[in-house]
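As a plain string of letters, each chain reads:
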Amino acid sequence: MKYYDDWESQSAEARRRIVSRKLGEYVRYAQKEIPFYRDRLEAYDPKSEHPLSKVPVLNQADLRELLPPKRAGGGLVARGARNYTVFQSGGTTGYPKTTLFSHEEMEGLYLPNARGFHAVGLSREDRVANLFAVGGLYMTFLHVHRMLEAYGCMNFPFSNHTPVDFMHSVVKLFNVNCVAGIASMARSALLGFERLGLSGIRIEKIFYGGEHLYEADKKELREKFGAKVIAAPGYGTVDSWYLGYQCLACPTGVFHAHDDQAYIEIVDEETGRHCRPGERGMVYVTAFPRRLTPIVRYRVGDLARWGAELCPCGRTTPLFELLGRGDDVLRIGFDSVDYASILDCAGRVPGLSATLQMEKKREKGRDRLVVRVETELSQARRASAAKALEREILAQRLTLRKALDEDMVWPVQVELAPSRTLGRNPRTGKLIRVIDGTR
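Residues numbered from 1 in each chain as written. Predicted model: local features only at pLDDT ≥ 70, side-chain atom pairs only at ≥ 80, totals over all residues. Heavy atoms only, no water.

*Asks:* Give me the side chain of His-256: which residues, what numbers.
*Replies:* Relative to the elements of secondary structure, His-256 occurs in strand E10 (residues 254–257). Within polar-contact distance, the side chain of His-256 engages the side chain of Thr-317 at 2.9 Å. The residues touching His-256, leaving out its near neighbours within four places in the chain, are Leu-243, Gly-244, Tyr-245, Cys-247, Cys-250, Cys-311, Cys-313, Arg-315, Thr-317, Pro-318, Leu-319 and Phe-320. (Helix = DSSP H or I, 4+ residues; strand = E, 2+ residues; numbered from the N terminus. Polar contact = N/O pair within 3.5 Å; in protein donor to acceptor, adjacent residues only side chain to side chain. Contact = heavy atoms within 4.5 Å.)

*Asks:* Quick rundown of the sheet that holds strand E21 (residues 434–436)? Include the residues and the values.
*Replies:* Strand order in the open sheet made by the four strands is E20-E19-E18-E21, with mixed pairing throughout. A strand with exactly one partner marks an edge of an open sheet, and here the two such strands are strand E20 (413–417) and E21. Mean inter-strand twist for the sheet, computed between neighbouring axes without regard to direction, equals 15 degrees. Both strand E18 (residues 352–363) and strand E19 (residues 366–375) contribute to a ladder of nine bridges, which runs antiparallel. Across the sheet, Gln-357 pairs through a bridge with Arg-372, a residue of E19. (Pairing = 2+ DSSP bridges. Axes fitted to C-alpha atoms, helices over the stretch in contact; angles between N-to-C directions.)

*Asks:* Explain the pairing of strand E11 (residues 262–268) to me, using residue names and the numbers behind them.
*Replies:* Here E11 lies mainly inside the structure; six of its seven residues are buried. Pairing of E11 with strand E13 (residues 281–287), which is carried by six bridges, proceeds in the antiparallel orientation. Considered in E13, the bridge of Ile-266 is made with Val-283. Of the strand pairs in this sheet, E11 and strand E12 (residues 273–274) are connected by two bridges, and their pairing is antiparallel. (Buried < 20%, exposed > 50% of the residue type's maximum accessible area, 1.4 Å probe, protein only.)

*Asks:* Lay out helix H10 (residues 339–346) in plain terms, naming residues and giving numbers.
*Replies:* Considered for burial, the residues of H10 that qualify are Tyr-339, Ser-341, Ile-342, Cys-345 and Ala-346. All buried residues of H10 project into a common sector of 165 degrees when viewed along the axis, lining one side. Looking at the buried residues of H10, the elements they touch are strand E17 (335–338), E18, E19, helix H11 (379–396) and E21. (Arc of directions from axis to C-beta.)

*Asks:* Break down the sheet that holds strand E8 (residues 235–236) for me, with residues and values.
*Replies:* Pairing is antiparallel across the open sheet formed by eight strands, whose spatial order is E8-E9-E10-E15-E14-E13-E11-E12. The open sheet is flanked by E8 and E12, the only strands paired with a single partner. In this structure, E8 lies alongside strand E9 (residues 242–245), joined through two bridges in antiparallel fashion. Within E9, the residue paired with Tyr-235 across the bridge is Gly-244.

Encoded structure:
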């Protein structure tokens, strides 16, 4: 079977017609079921090239306000809903950002998941070690586990908590040939196998998510483990849905759109104009399968651009390229570290100012968070203040601390500097708050 389903080869005209129908039906459903959307979606214009262009954007702050625990009833939850699964993402203090999935929606994740894994070469003869994160209200392990069962291959639900020596012995005994997990977790486990010895181990396929695997990392994994396939079967967010998937022809960061699952817009936020192919913009998503808590025009926080051509694999689903986070967030290991949380940590260390910059660096296959803060403290007092800020960050960013404990990221590097020495925008004079040194 070349493609997983017929949608992947639909004509452009059929695709436009079906997506338009799905969007109109979803907007009517949201208006009927959710008072929050009743007036908000009056701006929907089905005759426009971009029907949602005048609809206000839904953002993370809205979700915190409109979903439990902040809003136990009403908000974004459809009338009569009582039974659902609760997941959580984002910060560790204050009201968490939750997302709710009905049991039907959980089952619905099978299609985009299976489509993506099929496109990057999963077969029913494969033996897959599932290393995705489990517990802590994480989501991905659960639906990847369910997909592997239904797909029909041999499934080893290790999760991210299983000791490497145990995994190593099972992988040898059962000739496990595939690993699936968050990129840094999968890489860490494989390097653990190497330390224990690779005799009798050959990992042919590495399926990753949650973050990019850089080309140097891929080269290392091919050379050490004989991996023939290293790809991301799915891109999505727990707040919305699966949005894209790679195939064997996709370079790193490029995805086919699940445009039957989600209506995806890429918008220039300075002008409000929808981006043409090749133009960089913010991703907005309307997630068709989300009925328990309808998600209309959600700002996922990622920058992207549409591809100008169809994929050489023959699929007609449009291509887009992820260009990193578009807000004050850096992905360090598998933690999305937001600027506000680091600024809050600095505010609890006496002598540090609110002029703070954070940077992501990539060193020898691992991420490092660098935090720079301006201060009037004397040179003699800076070392202790820097150490205090490092402790505060790890106390608040539990996911980051866990990744550090498991040797998946480098220790946080805190640098204290005199006033007016951190980098500023030469045109506006504004502080450059976030730098992604891997781009």
